[in-house]
Amino acid sequence: MRQIDELLRLATSIRQGTVTASLVLRKLASYPRRNGLASGLREIGRIDRTLFPLDWLQSPELRRRVSVGLNEGAAKNALSRAVCFHRRGMIQDRTFDDQRLRAGGLNLVVAAVVLWNTVYLERAVTTLRASGTVVPDELLQHLSPLASEHLVLTGEYAGDPIGRADLVSSGSSHQYADVPYGASHRLPYRIPEMMS
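Predicted model only: the values in this text are computed from it and were never measured.

Visitor: Which residues make up the environment of Ala78, and what are the values?
Guide: In this fold, Ala78 is placed in helix α4 (residues 60-83). A sequence separation of 69 residues divides Ala78 from Ala147, and the C-alpha atoms of the two residues are 8.7 Å apart.

Visitor: Give a description of the pattern of salt bridges that names residues and reports values.
Guide: Opposite charge on two side chains permits pairing when their charged atoms draw close. Enumeration according to the criterion identifies five salt bridges in this entry. The partner of Glu43 in a salt bridge is Arg46, and the shortest N-O contact between them spans 2.5 Å. With Glu43 and Arg46 both in helix α3 (residues 36-58) and three residues apart, this pair spans about one turn of that helix. Overall, the relative accessible area of 36% leaves Glu43 in the partly exposed class. Judged by its relative accessible area of 41%, Arg46 falls in the partly exposed class. A salt bridge links Asp93 to Arg102; the nearest nitrogen and oxygen atoms lie 2.6 Å apart. The class for Asp93 is buried, based on a relative accessible area of 16%. By relative accessible area, which is 34% here, Arg102 ends up partly exposed.

Visitor: Lay out the packing of helix α1 (residues 4-16) against α3 with the relevant residues and their values.
Guide: To describe two helices that pack against each other, one gives the angle between their axes and the distance between the axes. Contact geometry of α1 with α3 gives a least axis separation of 9 Å together with a crossing angle of 80 degrees. Taken as axis vectors, α1 and α3 run roughly perpendicular relative to one another. Contacts from Glu6, Leu7 and Leu10 of α1 reach α3 at Leu37, Gly40, Leu41 and Ile44. Split by residue class, the contact of α1 with α3 holds five nonpolar, one polar and one charged.

Visitor: Give a description of the side chain of Ser80 that names residues and reports values.
Guide: Looking at the element boundaries, Ser80 is found in helix α4. Setting aside its immediate chain neighbours within four residues, Ser80 contacts Leu106 and Val110.

Cut-offs applied
- Residues numbered from 1 in each chain as written.
- Predicted model: local features only at pLDDT ≥ 70, side-chain atom pairs only at ≥ 80, totals over all residues.
- Heavy atoms only, no water.
- Helix = DSSP H or I, 4+ residues; strand = E, 2+ residues; numbered from the N terminus.
- Salt bridge = Lys/Arg side-chain N within 4 Å of Asp/Glu carboxyl O.
- Buried < 20%, exposed > 50% of the residue type's maximum accessible area, 1.4 Å probe, protein only.
- Axes fitted to C-alpha atoms, helices over the stretch in contact; angles between N-to-C directions.
- Parallel < 35°, antiparallel > 145°, perpendicular 65-115°, else oblique.
- Contact = heavy atoms within 4.5 Å.
- Nonpolar A, V, L, I, M, F, W, Y, C, P; charged D, E, K, R; others polar.

In structure tokens:
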């Protein structure tokens, strides 16, 4: 490797802050393809890409950390997909500002779900501990507030909203009826006016 002196000088300059990495990349992009410094950096990159798989194979801790990170990312994406079901989860706005606004709204709703889950998990652990159940702190690190299976995101609501589920009003067009998923859940359904 003939460019070792240039590579060391470049690394020292970046480390001391006399030059930024983005400036170095811009300069390298403007040089001809057969630049010695660029080819030296490519060789160092190849070495690093060879060492990482070897570390991966030797270190169960590295594999575990990477798997945890991948699982957290997948859980966050799954929560975002569950929340964003309008238009099949696709952002179809034409302008960048509208797309950014819709993505920001999605992130806000996801953050609200994560906050609610965190508060609820904390209350559940406090209740369990108050009732005498042992909840080790080591297990708490495995809980994730990114779950969405317990959320009703499609508008199916259970319960008796006004406390009169058995009432059938003959004088209005509203009637309380059993919903298909259980006789104990009642929702108001609009009954069309019958022609006589």
